[in-house]
Amino acid sequence: MELQKGYEVLRFMDQGNLTRITMDYRKGELLLSWLKENRIMDKELLYQWMDMLVRQVCLFHKCQKNQCYRYLSPESVLVTADGQLYLLDLEAQSNAFVMRDMQRREMRQHFMKNESYFQHHKKEETDLYSLGKTIQFLLARSKISPRLSRREEKQIDSFIQKCLGNHPRKSYQNLDKIQKEIPQYKKQKKNGKAVGAIGIAACIILAAAGGGRFLQSWNVNLKEEPLAEEAVTKEVQEQTGGGDERQVHTTADSEESKNQDRLEALQVYLQNNTTADNQWIIEEGSDMELELAATLATAYDREEIFESALYYYGIVTELEENPQQLERCYLRKATIEENLGQKEAARTTYQQAMKKCEKNQKLALQYLTFICKSDTEDTEQQNQELQELIAGFPELKDTEEFKKLQLEYGIEMEEEKVWIKREDG
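Summary of the structure given here.

Let's talk about the overall build of the protein
Point 1. Within the protein, the regular secondary structure consists of 18 helices and eight strands.
Point 2. Taking all 425 residues of the protein together, 47% fall into the buried category.
Point 3. Considering only intrachain contacts with a sequence separation of at least 6, the fraction spanning at least 24 residues in the protein is 67%.
Point 4. Surface summary for the protein: the accessible area is close to 22800 Å², and the carbon and sulfur share equals 46%.

Notes on the side chain of Thr298
Point 1. Note on placement: Thr298 falls in helix α12 (residues 275-302).
Point 2. Given a relative accessible area of 9%, Thr298 falls into the buried group.
Point 3. Looking at Thr298, its side chain comes within polar contact range of the main-chain oxygen of Ala294, at 3.0 Å.

Section: the nonpolar core
Nonpolar side chains in soluble globular proteins generally cluster together in the buried interior.
Point 1. Residues Leu46, Trp49, Leu88, Leu131 and Ile178 are the most contacted members of the largest nonpolar core, which totals 55 residues.
Point 2. For this core, the element with the most residues is helix α2 (residues 43-63), which contributes 10 residues.
Point 3. Once you skip the residues sitting within four places of it in the chain, Leu46 turns out to touch Met41, Leu138, Leu139, Ile144, Leu148 and Ile156.
Point 4. Counting 27 residues, the second-largest nonpolar core is a separate cluster that includes Tyr350, Leu396, Val418 and Ile420.

Remarks on helix α16 (residues 361-373)
Point 1. Its 13 residues place the ends of α16 18 Å apart at the C-alpha level, agreeing with the 18 Å of an ideal helix rising 1.5 Å per residue.
Point 2. Of the surrounding secondary structure, the elements contacted by the buried residues of α16 are α14 (323-339), α15 (343-356), α17 (379-392), α18 (400-409), β7 (411-414) and β8 (417-420).
Point 3. Structurally, the start of α16 carries an N-cap: the backbone nitrogen of Lys362 is 3.2 Å from a side-chain oxygen of Asn360.

A few points about helix α7 (residues 150-164)
Point 1. An ideal rise of 1.5 Å per residue puts 21 Å on 15 residues; α7 measures up with 21 Å between its terminal C-alpha atoms.
Point 2. Of the positions making up α7, those classed as buried are Arg150, Glu152, Glu153, Ile156, Asp157, Phe159, Ile160, Gln161, Cys163 and Leu164.
Point 3. Immediately downstream of α7, the backbone of Gly165 shows phi near 75 degrees, a positive value.

A closer look at the pattern of salt bridges
Point 1. A complete count under the given rule lists 12 salt bridges for this structure.
Point 2. The shortest N-O distance in the salt bridge between Glu152 and Lys43 comes to 2.8 Å. Here Lys43 lies in helix α2 and Glu152 lies in helix α7, a separation of 109 residues in the sequence. For the pair shown, Glu152 and Lys43 are each scored as buried.
Point 3. When the shortest N-O distance is used, the salt bridge between Lys373 and Glu338 registers 3.7 Å. Placement of Lys373 in helix α16 and of Glu338 in helix α14 is noted, with a sequence separation of 35 residues between them.
Point 4. You can call Glu338 buried: its relative accessible area is 13%.

Here we look at unusual backbone geometry
Point 1. Residue Ser145 is joined to Pro146 through a cis peptide bond whose omega torsion reads -5 degrees.
Point 2. Mapped onto the secondary structure, Pro146 falls in the loop between β6 (143-145) and α7.
Point 3. Positive phi is not limited to glycine here, since Arg70 has a value of about 70 degrees.
Point 4. Mapped onto the elements of the fold, Arg70 is located in the loop between α2 and β4 (77-80).
Point 5. Owing to a relative accessible area of 24%, Arg70 belongs among the partly exposed residues under this scheme.

Points about the environment of Asp287
Point 1. Relative to the helices and strands, Asp287 is located in helix α12.
Point 2. Taking the C-alpha atoms as reference points, Asp287 and Glu152, 135 residues apart in sequence, are found 9.5 Å from one another.

Some details on the packing of aromatic side chains
Point 1. By the definition in use, this model includes 10 aromatic pairs.
Point 2. Measuring from ring centre to ring centre gives 5.5 Å for Tyr47 and Tyr185, while their planes differ by 50 degrees; the resulting arrangement is tilted. Taken together, the positions of Tyr47 in helix α2 and Tyr185 in the loop between α8 (175-180) and α9 (199-208) put the pair 138 residues apart, joining distant regions of the chain.
Point 3. By relative accessible area, Tyr47 is classed as buried at 4%.
Point 4. Residue class for Tyr185 comes out partly exposed when judged on its relative accessible area of 25%.

Let's talk about the environment of Leu90
Point 1. Take Leu90: it is sitting in the loop between β5 (85-87) and α3 (96-101).
Point 2. Distance from Leu90 to Arg70, taken between C-alpha atoms, is 9.8 Å for residues 20 residues apart in sequence.
Point 3. Dropping the residues within four chain positions of it, Leu90 is found in contact with Tyr69, Tyr71, Val98 and Met99.

With respect to the packing of α15 against α16
Point 1. Where α15 meets α16, the axes come as close as 10 Å, and the angle between the chain directions of the two elements is 150 degrees. In terms of orientation, α15 and α16 fall into the roughly antiparallel class. Where α15 crosses over α16, the two elements pack in a sense that is left-handed. Contacts between α15 and α16 involve Lys343, Ala346, Arg347, Tyr350, Gln351, Ala353 and Met354 from the first element and Leu363, Ala364, Gln366, Tyr367 and Phe370 from the second.

Conventions used here
- Residues numbered from 1 in each chain as written.
- Predicted model: local features only at pLDDT ≥ 70, side-chain atom pairs only at ≥ 80, totals over all residues.
- Heavy atoms only, no water.
- Helix = DSSP H or I, 4+ residues; strand = E, 2+ residues; numbered from the N terminus.
- Buried < 20%, exposed > 50% of the residue type's maximum accessible area, 1.4 Å probe, protein only.
- Contact = heavy atoms within 4.5 Å.
- Areas by Shrake-Rupley, 256 points an atom, 1.4 Å probe, with all protein chains shown as cover.
- Polar contact = N/O pair within 3.5 Å; in protein donor to acceptor, adjacent residues only side chain to side chain.
- Core = buried A, V, L, I, M, F, W, Y, C linked by side-chain atoms within 4.5 Å.
- Expected span 1.5 Å × (residues − 1).
- Salt bridge = Lys/Arg side-chain N within 4 Å of Asp/Glu carboxyl O.
- Phe/Tyr/Trp six-rings, centres within 6.5 Å; stacked < 30°, edge-to-face > 60°.
- Axes fitted to C-alpha atoms, helices over the stretch in contact; angles between N-to-C directions.
- Parallel < 35°, antiparallel > 145°, perpendicular 65-115°, else oblique.
- Left-handed = near helix turned anticlockwise from the far one by under 90°.

Just geometry here; none of it tells us what the structure is for.
Structural data, given as structure tokens:
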């Protein structure tokens, strides 16, 4: 390993409500060089570096409102000995090599949008694109240990695609939102609940049978795009002299091949019987468990085998973290319970949904309808539920749906108090 060189970098100083940039001098190696020498990256470090990169870019824009960093790439990021990341000071003469190298066609093509993009888009968006490409390159050149689960891959890929602006309606438009959605590392906790009833064995059976369409019926909007582009790695390696082959994380393989790989990996890791291998099995098995439960819930629901559908919807609500999927699952589960006359079960489902899906207006409106339709004789409990729901979702009172329910069921309001007025008084 080469001796670490010193570079002029940007350092951000917090002074109350004010953040300012200071110039600093740090020893380390460029991210591009670090990736050449380090084949394996700890998963937690990956998440830490994504967080650092995003926050550095956001702080730069906070301090330099009329400028963009523009030349963000693995060659403009410094890695220090203690694992911290810094953006190089591109105005420093000693860092002129970055500006020079970014004029190369391959570097510009892979880490920057074309000039017309700069002219017609916000400065934040130009840096967000380079940020997405840099994270993509980081993944392409590293073998993450322990391996990213499918859920983590999808989460990171979704984040990258929003940075790149590949889906205009879902792209990040401001820096506040991107900071709230930085992928976070979560250590896997053992789940001792009844969720394990499916078992990894069932997932293995489905995978071995070639069940390669786990999520098509459950999440038709989910597209698995490459988490890291092999072309980016290959061409930039040629430009920078790094011609060795690297493991590339990708989700572009066929579904059947992926499931077969997962099956074989589970069996191999199970035989190893080490703490790290068992942890990997738990993480991967949880993902497979969720996919299988979601598929079975949908299939049983379609065939009107509702008790079984409810069982698997219940498992999905325990494991799912995607807000849209949770909303869909809770809505369907509560609807089935209502139709089957399982009023208390439906009430419990709505209450759980309110806790897990905070500020979900669609769920709150359906829960409100459920409360109003309730033919219970316990009016005190009914009004208490209504009061608590409106207190948590005061914005409901301004919706057209609430106004319709107010007329239909005689909802009365007086200051902060809300209740349903009975005809019998």
